[in-house]
Amino acid sequence: MKTKKVPLRKCVASQEMLPKKELIRVVRTPEGQIEIDLTGKKSGRGAYLRADADCFRLAQKNKSLDRALKQPVPAEIYEQLARDFIRVEHQFRELQERETDDE
């Protein structure tokens, strides 16, 4: 049987190629809002970050999220994303565990 190809994406902070399911997508919507996209299907320009708060802080320090989204990200948006990222990180890990259990 043929093995299924796993889609890989690059974490903008660590520059690591990881399976898409292990990364959290941050998207800049066509309206210019920046938000976290757990589904991976929202329209707009996306950037992937490893589901790790340290990785998010590194992206903020290096401004790699700004470059990936091709728009400067204001400090207040980073603060909001940091709060959301911590909350979403737990949800993301739970989803991953459920998918692993289903397989």
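Here is what the cut-offs are and how they apply
- Residues numbered from 1 in each chain as written.
- Predicted model: local features only at pLDDT ≥ 70, side-chain atom pairs only at ≥ 80, totals over all residues.
- Heavy atoms only, no water.
- Salt bridge = Lys/Arg side-chain N within 4 Å of Asp/Glu carboxyl O.
- Helix = DSSP H or I, 4+ residues; strand = E, 2+ residues; numbered from the N terminus.
- Buried < 20%, exposed > 50% of the residue type's maximum accessible area, 1.4 Å probe, protein only.
- Contact = heavy atoms within 4.5 Å.
- Phe/Tyr/Trp six-rings, centres within 6.5 Å; stacked < 30°, edge-to-face > 60°.

By the naming in an unreviewed UniProt entry, the protein chain goes by YlxR domain-containing protein and is assigned to Saccharibacillus endophyticus.

## A look at the pattern of salt bridges
Evaluation of the coordinates by the stated rule reveals five salt bridges. One salt bridge in this structure joins Glu16 and Arg50, with 2.3 Å as the shortest N-O distance. One end of the pair, Glu16, is in the loop between strand E1 (8–10) and strand E2 (17–19); the other, Arg50, is in strand E5 (residues 45–50), with 34 residues separating them in the sequence. Of the residues examined, Glu16 reaches a relative accessible area of 32% and is grouped as partly exposed. The residue Glu35 makes a salt bridge to Lys42 at a minimum N-O spacing of 2.8 Å. The partly exposed category is assigned to Glu35, whose relative accessible area is 24%. Take Lys42: its relative accessible area is 35%, and that puts it in the partly exposed class. Through salt bridges with shared partners, a single ionic network connects Glu16, Arg50 and Asp52.

## Focus: the environment of Leu23
Counting through the fold element by element, Leu23 comes out in strand E3 (residues 23–28). The spatial distance from the C-alpha of Leu23 to the C-alpha of Leu49 is 5.4 Å, given a sequence separation of 26 residues. If sequence neighbours within four positions are ignored, Leu23 has contacts with Arg9, Cys11, Leu18, Tyr48, Leu49, Arg50 and Phe92.

## A closer look at the packing of aromatic side chains
One pass over the structure, following the stated rule, counts one aromatic pair. Ring geometry for Phe56 and Tyr78: centres 6.2 Å apart, planes at 65 degrees, overall edge-to-face. Of this pair, Phe56 sits in helix H1 (residues 53–62) while Tyr78 sits in helix H3 (residues 75–102), and the two are 22 residues apart along the sequence. What makes Phe56 buried here is its relative accessible area of 4%.

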